[in-house]
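Coordinates in review
Each chain is listed here by its residues.
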Amino acid sequence: MFITIVYTVLMALYVGIMVYRIKKHTFGQYLREETGFVAIFIVVSLTVKGPELLKEIYIPLVLLVFLVGNLRK
């Protein structure tokens with residue numbers, strides 16, 4: 001249960017940072033860092049022992065936000 005809460009908080013924080021950078025038009029300046037964060041998030045998501053439903057929601061959400069930020073840069 002604790003891992004699920006920490007995983008959810010980290011995902012929300014990460015998506016919040018990406019949305020903030022998209023709104024401030026600074027996403028393109030940190031593209032390498034954002035790509036690294038997405039890769040790390042996917043690796044952590046695949047290895048964490050949490051509910052599969054959360055993984056099925058969070059991974060596409062992070063990829064979608066990253067794609068939107070990358071297209072709007």
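Here the structure is a predicted model, which is why all the values come from computation and not from measurement. (Residues numbered from 1 in each chain as written. Predicted model: local features only at pLDDT ≥ 70, side-chain atom pairs only at ≥ 80, totals over all residues. Heavy atoms only, no water.)

A separate point is the packing of aromatic side chains. One pass over the full model with this rule turns up five aromatic pairs. Between the aromatic rings of Y14 and F37, the centroid separation amounts to 5.8 Å while the plane-to-plane angle is 65°, which identifies the pairing as edge-to-face. Placement of the pair is Y14 in helix α1 (residues 2–23) and F37 in helix α2 (residues 31–47), with a sequence separation of 23 residues. Classification of Y14 by relative accessible area gives buried; the value is 9%. By relative accessible area, which is 43% here, F37 ends up partly exposed. Aromatic ring contacts, followed pair by pair, group Y7, Y14, F37, F41 and Y58 into a single cluster. (Phe/Tyr/Trp six-rings, centres within 6.5 Å; stacked < 30°, edge-to-face > 60°. Helix = DSSP H or I, 4+ residues; strand = E, 2+ residues; numbered from the N terminus. Buried < 20%, exposed > 50% of the residue type's maximum accessible area, 1.4 Å probe, protein only.)

Turning to unusual backbone geometry, a few remarks are in order. Phi angles above zero are rare outside glycine, and H25 is one such case at about 60°. Note on placement: H25 falls in the loop between α1 and α2. The exposed category is assigned to H25, whose relative accessible area is 63%.

On to the pattern of salt bridges. For the structure shown, the criterion picks out two salt bridges. Across the pair K55 and E52 runs a salt bridge, and its minimum N-O distance is 3.6 Å. Taken together, the residues span about one helical turn, with K55 and E52 both in helix α3 (residues 52–72) at a distance of three residues. (Salt bridge = Lys/Arg side-chain N within 4 Å of Asp/Glu carboxyl O.)

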